[in-house]
Amino acid sequence: MTVFALIIINKAGGLIYNRTFYEGGLNNLTTNDYLVLAGTFHGVHAITARLNPVPIPGANRNSASSAGTMTRPETPSGLEVLESENFRLQCFTTLTGIKFLLFTDTTQTNVDLTMRRVYEMYTDYVMKNPFYQLEMPVRCDMFERKLLSYIREINNR
């Protein structure tokens, strides 16, 4: 069970962080390749969020429920998981539009918990850093150290 890489994309589709944790797991990409990957994924994610199934006629999803309160349909989330025979890509989108892409082995378990922990580290060490500017590349040594330690622990299980 292995975590291969992490990519963080800002809400405009720009790459703000990328890190490879396991050499030999994925093909080596150049910085330009990562930028193209981030922009492409952002576009595909936006398109898949719009590909929402049409409601079935007669099934009124916005009607009053039995308790008398209005219910809302779930908002479309876009692409969340992409799985191939060699890797699995899991996407976590924050409420502010930041996307965390985690590349793992197909047998990796508890990917949701890993994503949640990575997001917690991001909020604790990047967003609370008074020198960090929103939408800019992540350059935070404490985040880097804690993330490497956490992923190393997962990869050594």
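This text follows the structure it describes.
No experiment lies behind these values; they were computed from the predicted model shown.

Draft legend 1. View of helix 2 (residues 111-127). For helix 2, with 17 residues, the first-to-last C-alpha span of 22 Å sits near the 24 Å given by 1.5 Å per residue. Listed as buried for helix 2 are Val111, Thr114, Met115, Val118, Met121, Tyr122 and Val126. Looking straight down helix 2, one finds its buried side chains confined to an arc of 125 degrees; they lie on one side. Turning to helix 2, the residues buried within the fold contact strand 1 (3-9), strand 2 (15-20), strand 4 (88-93), strand 5 (99-104) and helix 3 (141-155).

Draft legend 2. Representation of the sheet that holds strand 1 in the model. Strands sit in the order 2-1-5-4-3 across an open sheet of five strands; the sheet is antiparallel. For this open sheet the edge positions go to strand 2 and strand 3 (81-83), each flanked by a neighbour on one side alone. For this sheet the average axis-to-axis angle between neighbouring strands, irrespective of direction, equals 10 degrees. Inspection of the sheet shows strand 1 paired to strand 2 by five bridges, in the antiparallel sense. Residue pairing in the sheet places isoleucine 7 in a bridge with asparagine 18 of strand 2.

Conventions adopted
- Residues numbered from 1 in each chain as written.
- Predicted model: local features only at pLDDT ≥ 70, side-chain atom pairs only at ≥ 80, totals over all residues.
- Heavy atoms only, no water.
- Helix = DSSP H or I, 4+ residues; strand = E, 2+ residues; numbered from the N terminus.
- Expected span 1.5 Å × (residues − 1).
- Buried < 20%, exposed > 50% of the residue type's maximum accessible area, 1.4 Å probe, protein only.
- Arc of directions from axis to C-beta.
- Contact = heavy atoms within 4.5 Å.
- Pairing = 2+ DSSP bridges.
- Axes fitted to C-alpha atoms, helices over the stretch in contact; angles between N-to-C directions.

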